[in-house]
Each structure stands twice: as C-alpha cells, then as structure tokens.
Amino acid sequence: MRRGFKTEAKSLALELRAEIGRDAHAPFDPYAFASEYGIPVVQLSDLDGAARDHFL
C-alpha cells in the first residue's frame, strides 16, 4: 500500500457518510448510498433464469 492511502481512505469514507447523513459511528446504509449516487438496487427476487442462478 502506498504511503498515506489509509488516511485518504478514512477521509473519503467520512465524507461519503456525511453526504448520506451518517456520522463515523452510525451503521452504514448501502441503500441510502446507492440512492444518493443513482445506483439501481435490484432485489434477487426480481431476477429470473440465468441471472438469478448466477447469484444463487
């Protein structure tokens, strides 16, 4: 690992948590994070066929 990576990663994590309204000690909410960045979340039950088999 390059020098300073850990500090930068912690800083970025705190910044991203603040954007979704979480502090450093609150549980991370991946659904709030996905919503903030426009990342679609697909429920496994919504998949069928080969796509569902891949994840199971």
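This structure is a prediction, so every number in the text was calculated from the model and none was measured.

Chemist: Looking at this structure, how should I read the overall build of the chain?
Modeler: Check the secondary structure of the chain and you find three helices and zero strands. Mapped in sequence order, the helices and strands of the chain form the string α-α-α. On C-alpha atoms alone, the chain measures out to a radius of gyration of 16 Å, which is more than a quarter above the 10 Å that the 2.2 N^0.38 rule sets for 56 residues. In terms of overall dimensions, the chain has a C-alpha envelope of 45 × 30 × 20 Å along the principal axes. Out of the 56 residues belonging to the chain, those deemed buried represent 7%. Of the roughly 4900 Å² that the chain leaves accessible, carbon and sulfur atoms contribute 56%. Where the 7 positive side-chain charges of the chain centre and where its 9 negative ones centre are 14 Å apart.

Chemist: Mind showing me how you'd approach the environment of Leu44 here?
Modeler: Residue position: Leu44 is located in the loop between α2 (30–36) and α3 (49–55). Residue Leu44 is classed as partly exposed on the basis of its relative accessible area, which comes to 34%. The residues contacting Leu44, other than those within four sequence positions of it, are Arg52, Phe55 and Leu56.

Chemist: Explain the confidence of the model for the chain here, please?
Modeler: Low pLDDT means the predicted atomic positions in that stretch should not be read closely. Looking at the chain, pLDDT values average 92 and 100% of them are 70 or higher. Model confidence for the chain, summarised as mean pLDDT per element, is weakest for α3 at 90 and strongest for helix α1 (residues 5–19) at 94.

Chemist: I keep staring at the pattern of salt bridges and nothing clicks. Help me out?
Modeler: Opposite charge on two side chains lets them pair, provided their charged atoms get close. Enumeration according to the criterion identifies two salt bridges in this entry. In this structure, the salt-bridge partner of Glu8 is Arg2, at a minimum N-O distance of 2.9 Å. By relative accessible area, which is 44% here, Glu8 ends up partly exposed. Between Arg22 and Asp29 there is a salt bridge, and its shortest N-O distance comes to 3.3 Å. Take Arg22: its relative accessible area is 30%, and that puts it in the partly exposed class.

Calculation rules
Residues numbered from 1 in each chain as written. Predicted model: local features only at pLDDT ≥ 70, side-chain atom pairs only at ≥ 80, totals over all residues. Heavy atoms only, no water. Helix = DSSP H or I, 4+ residues; strand = E, 2+ residues; numbered from the N terminus. Rg over C-alpha atoms; globule rule 2.2 N^0.38 Å. Buried < 20%, exposed > 50% of the residue type's maximum accessible area, 1.4 Å probe, protein only. Areas by Shrake-Rupley, 256 points an atom, 1.4 Å probe, with all protein chains shown as cover. Lys, Arg positive; Asp, Glu negative; His and termini not counted. Charge placed at Lys NZ, Arg CZ, Asp CG, Glu CD. Contact = heavy atoms within 4.5 Å. pLDDT = per-residue confidence, 0-100. Salt bridge = Lys/Arg side-chain N within 4 Å of Asp/Glu carboxyl O.

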